[in-house]
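Residues per chain are reported as follows:
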Amino acid sequence: MSGNTLLPPLKPLPMKDRISMIFVRYGQIDVLDGAFVLIDKNGVRKHIPVGSVACIMLEPGTRISHAAVNLAATVGTLLVWVGESGVRLYSSGQPGGARADRLLYQARLALDDELRLKVVRKMYEVRFGEPAPSRRSVEQLRGIEGARVRGTYKLLAQQYKVNWQSRNYDRNKWDAADIPNRCLSAATACLYGITEAAVLAAGYAPAVGFIHTGKPLSFVYDIADLYKFETVVPLAFRIAAKSPTEPEREVRLACRDLFRSDRLLGRIIPLIEEVLSAGGISPPEAPPESVPPAIPNPESSGDAGHRSR
């Protein structure tokens, strides 16, 4: 057999089949012998199965090579540059979002007041398990939602016997925040990471939100809020009740296990489609005068938003 046999092209795994996320710090990420590896200060390599991870959180002290970024993009793994403990988001890679029809569909829903209200009402229904009050605007529904969220925090604090004041902390004085707020922040950072990866994999824009607006991750917050209080928020209060010495680490490990046991990655994209379909319109067809690609894109085993090579 010839020694020049070509390797098959890389194909991204669907989001539903991936593990949720990993955090990396104090090391150099590179591609060695075709593998995505983390190299520590002693030169010890640790292999990271990049194609089977939804997102990789890069904390301070991490360096990453061009080859590693290229490989992550090829297999559709989101890279997120975060601050210590994940409380700041500096930047993120864009391995998805390769569907103009999905982006236009999302934008039309967000820009039309009537369609946007339909989507917001569906989000309310999914989140609280009951239809949204009739004849309410988006602003009024947002106010009702905020009151219910504050009440839920209080109920969970009572349930887990946690001393709860309010959802409030200063990112510049992170260590001064109380443990419940630190646990909640760490938990939601994990949730937002995998949600952004799913939004991009589905071919949508993280910034085009319906309830949240004006933020780079507005749509990510919209979608994450739909299942936040059934997943990471109770988990954060449960861990806070134990007054751990390393709350962020415990929360991350617990989130990883929760996302796997609840098969959360398999639920996010269908949930996105469900809430957007409430608008009652379909993704737009390409204009008849548009020019198709001269070289057709190869079929991919990944999600709709993953770029093919």
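Please read these numbers as outputs of a predicted model, since none were measured by experiment.

## Overview of the overall build of the protein
Here is step 1: Each helix and strand counted, the protein has 9 helices and 8 strands in total.
Here is step 2: The buried share of the protein, reckoned over its 309 residues, is 46%.
Here is step 3: Considering only contacts in the protein between residues 6 or more positions apart, those separated by 24 or more positions represent 66%.
Here is step 4: Counting every atom, the protein has about 16500 Å² of accessible surface; 52% of that belongs to carbon and sulfur.

## Quick notes on the sheet that holds strand 7 (residues 78–82)
Here is step 1: Spatially, the 4 strands line up as an open sheet ordered 1-5-7-8, and their pairing is mixed. Strands with a single pairing partner mark the edges of an open sheet, and in this sheet they are strand 1 (19–24) and strand 8 (89–92). Direction aside, the axes of adjacent strands within the sheet are offset by 20° on average.
Here is step 2: Of the strands in this sheet, strand 1, strand 5 (53–58), strand 7 and strand 8 touch helix 5 (residues 179–201), which is tilted by about 130° from strand 5.

## So, the pairing of strand 7
Here is step 1: Counting buried residues along strand 7, 4 of its 5 residues qualify, which places the element largely inside the surrounding structure.
Here is step 2: Where strand 5 lies against strand 7, 4 bridges are found, and the strand directions are parallel. Across the sheet, Ile 56 pairs through a bridge with Leu 79, a residue of strand 7.

## Examining the state of the cysteines
Here is step 1: Summed over the entire model, instances satisfying the criterion amount to 0 disulfides.
Here is step 2: The structure places no disulfide on Cys 183, whose sulfur is separated from the nearest cysteine sulfur, that of Cys 255, by 9.8 Å.
Here is step 3: There is no disulfide at Cys 190, and the cysteine sulfur nearest it, in Cys 255, is 4.4 Å away.
Here is step 4: On the accessibility criterion, Cys 190 (0% relative accessible area) is buried.

## Structural notes on unusual backbone geometry
Leaving glycine out, the prevailing phi sign among residues is negative, and the prevailing peptide bond configuration is trans.
Here is step 1: Despite not being glycine, Arg 135 has its phi angle at roughly 55°, a positive value.
Here is step 2: When you line up the elements, Arg 135 lands in the loop between helix 3 (113–128) and helix 4 (138–160).
Here is step 3: Under the relative-accessibility criterion, Arg 135 is labelled exposed at 76%.
Here is step 4: We note that Ser 243 has phi near 50°; this positive angle belongs to a residue other than glycine.
Here is step 5: Within the fold, Ser 243 resides in the loop between helix 7 (232–240) and helix 8 (247–261).

## Focus on a negative patch on the surface
Here is step 1: Taken together, the side chains of Asp 112, Asp 113, Glu 114 and Glu 139 make up a negatively charged region of the molecular surface.
Here is step 2: The topology assignment puts Asp 113 in helix 3.

## Structural notes on the packing of aromatic side chains
Here is step 1: Applying the stated rule across the entire model yields 8 aromatic pairs.
Here is step 2: Ring geometry for Tyr 153 versus Trp 164: centroids 5.3 Å apart, planes at 35°, classification tilted. Residue Tyr 153 is located in helix 4, and its partner Trp 164 is located in the loop between helix 4 and helix 5; the two are separated by 11 residues in the primary sequence. An identical accessibility class is assigned to Tyr 153 and Trp 164; each is buried.
Here is step 3: Here the aromatic rings of Trp 164 and Phe 237 are separated by 5.3 Å at their centres, their planes lie at 65°, and the arrangement is edge-to-face. Here Trp 164, found in the loop between helix 4 and helix 5, pairs with Phe 237, found in helix 7; they are 73 residues apart in sequence, far enough to count as distant.

Rules used throughout
- Residues numbered from 1 in each chain as written.
- Predicted model: local features only at pLDDT ≥ 70, side-chain atom pairs only at ≥ 80, totals over all residues.
- Heavy atoms only, no water.
- Helix = DSSP H or I, 4+ residues; strand = E, 2+ residues; numbered from the N terminus.
- Buried < 20%, exposed > 50% of the residue type's maximum accessible area, 1.4 Å probe, protein only.
- Contact = heavy atoms within 4.5 Å.
- Areas by Shrake-Rupley, 256 points an atom, 1.4 Å probe, with all protein chains shown as cover.
- Pairing = 2+ DSSP bridges.
- Axes fitted to C-alpha atoms, helices over the stretch in contact; angles between N-to-C directions.
- Disulfide = S-S within 2.5 Å.
- Patch = residues over 30% accessible without salt bridge, like charges linked within 9 Å, V, L, I, M, F, W, Y side chains within 5 Å.
- Salt bridge = Lys/Arg side-chain N within 4 Å of Asp/Glu carboxyl O.
- Lys, Arg positive; Asp, Glu negative; His and termini not counted.
- Charge placed at Lys NZ, Arg CZ, Asp CG, Glu CD.
- Phe/Tyr/Trp six-rings, centres within 6.5 Å; stacked < 30°, edge-to-face > 60°.

Treat this as a map of the structure, not an account of what it does.
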